[in-house]
Amino acid sequence: MIQIAERGNIKVFEHQRDLSVTPGSAMNAYFAAEMNIRKRQVLIELKNSGFTVQAGAMQWTAGNVKMGSGIKGVGDFFGKAIASKVTKEAAVKPEYTGTGLIMLEPTYKYILLEEVSEWGSLVLEDGLFLACDSGIKQNVVARSTLSSAVAGKEGLFNLCLSGSGMAVLESPVPRDELIEFNLQDDEVKIDGNMAIAWSNSLKFTVERSSKSLMGSAVSGEGLVNVYRGTGRILMAPTE
């Protein structure tokens, strides 16, 4: 296992080979490693601080680390329960505080380390959130229009992170394969739901690729996802 990334108090490690194999699975494990299909783990160092982790993602802790529910009352619980129903996120994400280490469970997905303040507020597709500084506020944001959810084949609500601190995300592709757009009072049109994260300052709509129905039919594109304003977008190369 080697360290492949580090930012702030977070380190990312990668298992180079899976040695816990049988004669029947050895070939699959070998070619998986050759194609960069490897387990990755996140190590978080707490220095009298706190970190919120996706439910079930913790593997072990060391030091004076305490776990709490992250719930700040009955109202907060019901609010998070409702949010979990519309975003497919866990209703309760445990919060770890103190001084010590937290190791997260292995994942085959790729790890992104993002400073939330660099995004203003960061909107995530379902399934991306893994962990974040406890000082980061988590709330639910709705699409700007119902059509942007239905026509764009997206959910109507998304998890939004705001504040200052690190967020740990699970990406379907490596960071260097993601396409990043930096918009300054501009617009980007994407054919398909390939954007995995974007600034909440951007307005998202779904529109015809051409002003006319005939033009859309001729182009073969139909509807496209449109992001307007000033902010950033992370897009995967494939859906």
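Just so we're clear, the structure is a prediction, and the values are computed from it rather than from any experiment.

A. View of a nonpolar patch on the surface. Residues Met 27, Tyr 30 and Phe 31 make up a contiguous nonpolar surface patch of about 360 Å² in total accessible area. For Tyr 30, the position within the fold is in helix α1 (residues 26-34). For Tyr 30, a relative accessible area of 42% translates into the label partly exposed.

B. Layout of the pattern of salt bridges. Across all of its chains, the model carries 10 salt bridges by this definition. Linking Glu 14 and Arg 38 is a salt bridge whose minimum nitrogen-to-oxygen distance equals 3.4 Å. Taken together, the residues span a long stretch of sequence, with Glu 14 in strand β2 (residues 10-14) and Arg 38 in the loop between α1 and β3 (40-53) at a distance of 24 residues. We note that Glu 14, like Arg 38, is buried. With its nearest N and O atoms 2.6 Å apart, the salt bridge here joins Arg 228 to Glu 207. With Arg 228 in strand β15 (residues 223-235) and Glu 207 in strand β14 (residues 203-208), the pair connects residues that are 21 residues apart, well separated along the chain. Through salt bridges with shared partners, a single ionic network connects Glu 114, Arg 175, Glu 180 and Arg 232.

C. Broad picture of the packing of aromatic side chains. This model, assessed by the stated rule, comprises four aromatic pairs. Here Tyr 30 and Phe 31 contribute two aromatic rings whose centre-to-centre distance is 5.1 Å and whose plane-to-plane angle is 80 degrees, an arrangement assigned as edge-to-face. Of the residues examined, Phe 31 reaches a relative accessible area of 48% and is grouped as partly exposed. Members of the aromatic cluster, joined through ring pairs, are Trp 198, Phe 204 and Tyr 227. Just above the ring of Phe 129 sits the side chain of Lys 93; from NZ or CZ to the centre is 5.3 Å. It is Arg 232 that lies over the ring of Trp 119; its NZ or CZ is 4.1 Å from the centre.

D. Quick look at the environment of Glu 105. Here Glu 105 shows up in the loop between β5 (95-104) and β6 (110-115). Leaving out residues up to four positions away in the same chain, Glu 105 has contacts with Arg 40, Gln 41, Gly 56, Ala 57, Met 58 and Gln 59.

E. Summary view of the pairing of strand β1 (residues 2-7). For β1 and β2, the ladder comprises five bridges, and the chain directions are antiparallel. Following the sheet pairing, Ile 2 is matched in β2 by Glu 14. Taking the residues that link successive antiparallel strands as the turn, the β1-β2 hairpin has two residues, and the phi of Gly 8 there is positive, at about 60 degrees.

F. Focus on the confidence of the model for the protein chain. With 79% of its residues at a pLDDT of 70 or more, the protein chain has an overall mean of 83. Taken together, the stretch residues 73-83 has pLDDT below 50 and engages in nine contacts with residues farther than four places along the chain or on a different chain. Here residues 213-220 scores under 50 on pLDDT; set against residues more than four positions off or in separate chains, the count is eight contacts.

G. Spotlight on the nonpolar core. With 19 residues, the main nonpolar core has Leu 124, Leu 161, Leu 169, Leu 178, Ile 196 and Leu 234 as its most contacted residues. The set of elements that each furnish at least two residues to this core consists of β7 (121-124), β8 (129-133), β10 (157-162), β11 (166-171) and β13 (195-199). Discounting residues that sit within four places of it in the chain, Leu 178 has contacts with Leu 112, Ser 171, Val 173, Ile 196, Leu 234, Met 235 and Ala 236. Counting residues in hydrophobic clusters, the runner-up holds 18 residues, among them Val 12, Val 53, Ala 57 and Leu 130.

H. Spatial organisation of unusual backbone geometry. Here the phi dihedral of Asn 48 falls at roughly 55 degrees; this positive angle occurs in a residue that is not glycine. When you line up the elements, Asn 48 lands in strand β3. One non-glycine residue with positive phi stands out, namely Asp 185, at about 50 degrees. Summarising the element assignment, Asp 185 is placed in strand β12 (residues 179-190).

Criteria and cut-off values
Residues numbered from 1 in each chain as written. Predicted model: local features only at pLDDT ≥ 70, side-chain atom pairs only at ≥ 80, totals over all residues. Heavy atoms only, no water. Patch = residues over 30% accessible without salt bridge, like charges linked within 9 Å, V, L, I, M, F, W, Y side chains within 5 Å. Areas by Shrake-Rupley, 256 points an atom, 1.4 Å probe, with all protein chains shown as cover. Salt bridge = Lys/Arg side-chain N within 4 Å of Asp/Glu carboxyl O. Helix = DSSP H or I, 4+ residues; strand = E, 2+ residues; numbered from the N terminus. Buried < 20%, exposed > 50% of the residue type's maximum accessible area, 1.4 Å probe, protein only. Phe/Tyr/Trp six-rings, centres within 6.5 Å; stacked < 30°, edge-to-face > 60°. Lys NZ or Arg CZ within 6 Å of the ring centre and 35° of its normal. Contact = heavy atoms within 4.5 Å. Pairing = 2+ DSSP bridges. pLDDT = per-residue confidence, 0-100. Core = buried A, V, L, I, M, F, W, Y, C linked by side-chain atoms within 4.5 Å.

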